[in-house]
Each structure stands twice: as structure tokens, then as C-alpha cells.
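Breakdown of the fold
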Amino acid sequence: MRLAGSEVLEVEPFAAEWMLAQRPAPQLSVIVPTFNEAGNAAELVKALDRAMPDIAWEVIFVDDDSPDGTAAAVRQLAAGDHRIRCIRRIGRRGLSGATIEGMLASTAGVVAVMDGDLQHDEALLARMFGEIAKGADLVIGTRYADGQTPPSGLNALRQKGSAWATAICKRLLKIRATDPLSGFFMIRREAVDAIAPKLSTQGFKILLDILATQKTGLRVVELPFEFRARRSGQSKLDELVVIEYLSLILAKATGDALSIRFILFAFVGASGVVVHLLALKAGLALGALVFTSAQAAASYAAMTWNFFLNNQLTYRDRRLKGLGALKGLLSFYAVCSVGTLANVGVAHLMYGDQTNWWIAGTAGALMGAVFNYAATSIVTWRRA
Ligand code: GDD
Ligand code: MN
């Protein structure tokens, strides 16, 4: 069989095998998570090539099936350069998850993590590698070398937000590094292997997760660099990333007793209780509905709210879209109807017992929420 456009297949089979067998393993894998960075990939590879003439490196792009064709662009580059690899993930999203997957796909003794948009200074990589050779376990590219000056590559709002977010996590999680939110660092393979099972695949802040998770005392070195402005494409950091970030801090502050996903779900559930009570009050005020029907209607209002908010936030990495979202909503209703029965039953019992309408309503809604949680992970947002 011949595939169109594939020069790789034209290489003599034995020659190709020989070349593979003889090629030494890379010393360093640079992991580059990408989402819509097609316009930056070639430039980044050139920059790496210039910056590390004395290191046997490879670059692993981990692309979440970007609609702009980043994976195809990387594959094209890789056809002419064995140092380039591409992992294309389907049906999943997330910077941290992609980074972890890339680090684990590498066999090099040292891995670096770097953004794919040329904001990180590639010249730092060789110096980071030097620090690892001298005994560091983790080298961080810091944007706050003097602990003060905000990074110039961010706009005013992001500068404030970044400083604020850094201050919170340093205080709450007692982290000493000047820039625990940096997306640019290098780490020894043994450290990655030891920590990886405990890291969260959700969120943007993998370095903070590593720093908060490691208990064995990594030798950390920081090197300052100038965070450049993005040249092509857009940042993917949005408001939801901020909520995910706060959940990561909470998860770490509870010693991982609660997962980020559970915290987000609980947050959504709490907002659902408010929706539920408002709907219940409205239903009762109309006077047209008896308590039981008003409670049932309020449950559906809250379930619909919970579904869409969870789809946006809690399960953004597996977000259902279009017809999938409609099916998801229906399956959410279907499985949760058991929860609703329990909800209405409990509320009805308590209300009949002369309890306040709002205590009865809350108890019923909480009962329903437990069912909703089980339903989301098993049926509605099951792993692809
Ligand atoms: N695979 C994958 N999946 N990659 C992603 C995703 C995703 O869901 N979201 C973003 N990326 C990639 C981008 O394509 C880029 O290469 C890199 O992750 C950083 O994303 P940006 O959207 O450019 O983030 P930023 O510049 O706003 O923030 C960066 O810098 C901050 C300061 O160093 C990130 O590295 C932050 O984590 C960091 O705090
Ligand atoms: Mn960026």
C-alpha cells in the first residue's frame, strides 16, 4: 500500500531499520503542549535547533486535535527531522493533562516543558540543562526573578491576576519558588516518574501541582527569563482557568482528600441548590402548583442548570457539544430521575412532617445531588 504524500515510506526498509537502531536516545525531551499553534511550530523547532547545538534533544508536541491543523503541521516537520514527535489526543482537552502525557511518553533522562507560542526563551534551555547536570532536580524559568517586577509579556489585567494568584498559592501552600505558576521548567525523569500518578490532569498549573505534591524535597533552582509577547494565535487562559486554579489550591490544601473535579462539582451543586430554591419559591408563589409538583419542577430546573455548568467547567476537558450535549442532557435527566424521585420523596416526607419548606427543599436537592454526581462520571461524561 502507498499513502499519498508520505516520503517516509520511500526510505529503504533495511536502511531505515539500521538508522533507527543506531540512533542514540535523546538526553532531553522538550514537551510542548499545543492547541491551535500551527503558525508557531516551525519557528519553535528552528529556535530549539539554534539554542541547543550541544545537547541531544527531541521535541514532543502534544496536541489536543487542534482545529487549525497543528498536528498535521508538526507531522510534516517530523517527516524531515527525527527529533520531532507528535502526540495527537482526541476527545480530550487540557494543558496539564497533555503535559503529563508528553512527559510520560519520553524516555530521556531529563524533560523540559515549554509553551508552543514562542513566549518562553529557548536560550534558557541549555542553562537549565547545565543546572540539572550540576545536581538540580527541577529548574524553573521564572518571570519574577526579583520577586516584584511583573512580566512584560502580559497585559495589565493578567499582570495583576498573575501577581495575585502567585501570592495566594505561596501563602496557602507555603511554596517558596518565586514563580510557581510558570509554564517553563525542566525536571529529572526520576522525579517525574515518582510524582506523575499524583498529579491532576485538569487545569493549567502543572508546575504548581508538582511543587505542592512533591514531599521528598526536590532540589529546585530558578533562572530568570523575559516572558515574550505572543506572536501568533491567542492565549487559551480564560475565566474558567481561574476557577480551576482555585480548585487546585483547595485540593492541595486538603492534602488531596478532595479532587479538583469533586470540588468543581460541589461548587456547581451549591449553585444548583440556589437555583432549586429560587425555582421552588417561584413555583409556590404562583399558587398554581402544590408543593410536590413545585419541588419536582424545581429539581428539573436545577438539573438543567447543573448539567450545563458542569459541562462548561467540571468536565470542560470532556465537554459535550452539539448533538452530544443534547444526548448528554437527556442521559443526565434519565439517570438523575432516580435521584429526583429520592429528592422529591425526601422533601415530601419532611414537608409533611411540618418542617420548613426550605429545609425540606434543601434536603431533597442534596439527595438528588449525590445521584447526579454518580451519574455524571459513569454515564454522561464517561471517558472516551
Ligand atoms: N494540548 C493542549 N491542550 N495544549 C494547550 C491547551 C490544551 O487544552 N491549552 C493551552 N495549550 C497550550 C498552548 O497552545 C500553548 O502552547 C501553551 O499551552 C500555553 O497556553 P497559552 O494559551 O499560550 O497560555 P498563556 O500564555 O496565557 O499562559 C502561559 O504562561 C503562563 C505564565 O508562564 C501558560 O504556560 C501558563 O501555565 C503560565 O502560567
Ligand atoms: Mn502563551
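A brief structural summary. Owing to the predicted nature of the structure, the values given are computational and were not obtained by experimental measurement.

Some thoughts on the packing of helix α11 (residues 291-312) against helix α12 (residues 323-352)
With their axes 9 Å apart at the nearest point, α11 and α12 run at an angle of 145° to one another. The handedness of the crossing between α11 and α12 is right-handed. Taken together, the residues of the contact of α11 with α12 break down into 14 nonpolar, 10 polar and no charged.

Focus on the coordination of the manganese ion (ligand 2)
Asp 117 (OD) and Gln 119 (OE1) make up the full set of protein donors to the manganese ion (ligand 2), lying at 2.0 Å. By the burial criterion, Asp 117 is buried, and Gln 119 matches it.

Overview of the packing of aromatic side chains
Applying the stated criterion across every chain yields a total of nine aromatic pairs. With 4.1 Å between their ring centres and 10° between their planes, Phe 291 and Tyr 351 make a pair best called stacked. Of this pair, Phe 291 sits in helix α11 while Tyr 351 is found in helix α12, placing the two residues 60 residues apart along the sequence. The class for Tyr 351 is partly exposed, based on a relative accessible area of 35%. With 5.3 Å between their ring centres and 20° between their planes, Phe 307 and Trp 381 make a pair best called stacked. Of this pair, Phe 307 sits in helix α11 while Trp 381 sits in the segment after α13 (357-380), and the two are 74 residues apart along the sequence. Accessibility assignment for this pair places Phe 307 and Trp 381 in one class, buried. One aromatic cluster is present, built from ring pairs that chain together Phe 307, Phe 308, Tyr 315, Phe 332 and Trp 381. Over the face of the ring belonging to Phe 35 we find Arg 93, whose NZ or CZ atom lies 3.6 Å from the ring centre. Looking at Arg 143, its charged tip hangs above the ring of Phe 227, at a distance of 5.5 Å from the centre.

Looking at the pattern of salt bridges
Summed over the entire model, instances satisfying the criterion amount to 22 salt bridges. The closest approach of N and O atoms between Asp 117 and Arg 230, which form a salt bridge, is 3.0 Å. Highlighted residues: Asp 117 in the loop between β4 (110-113) and α5 (123-133) and Arg 230 in the loop between β7 (220-224) and α9 (239-253), separated in sequence by 113 residues. You can call Asp 117 buried: its relative accessible area is 3%. Bridged by salt links that share partners, the residues Glu 37, Asp 117, Arg 230 and Lys 236 form one connected network.

Calculation rules
- Residues numbered from 1 in each chain as written.
- Chains lettered and ligands numbered in written order.
- Predicted model: local features only at pLDDT ≥ 70, side-chain atom pairs only at ≥ 80, totals over all residues.
- Heavy atoms only, no water.
- Axes fitted to C-alpha atoms, helices over the stretch in contact; angles between N-to-C directions.
- Helix = DSSP H or I, 4+ residues; strand = E, 2+ residues; numbered from the N terminus.
- Left-handed = near helix turned anticlockwise from the far one by under 90°.
- Nonpolar A, V, L, I, M, F, W, Y, C, P; charged D, E, K, R; others polar.
- Donors = N, O, S within 2.8 Å, 3.2 Å for Na, K, Ca; no water.
- Buried < 20%, exposed > 50% of the residue type's maximum accessible area, 1.4 Å probe, protein only.
- Phe/Tyr/Trp six-rings, centres within 6.5 Å; stacked < 30°, edge-to-face > 60°.
- Lys NZ or Arg CZ within 6 Å of the ring centre and 35° of its normal.
- Salt bridge = Lys/Arg side-chain N within 4 Å of Asp/Glu carboxyl O.

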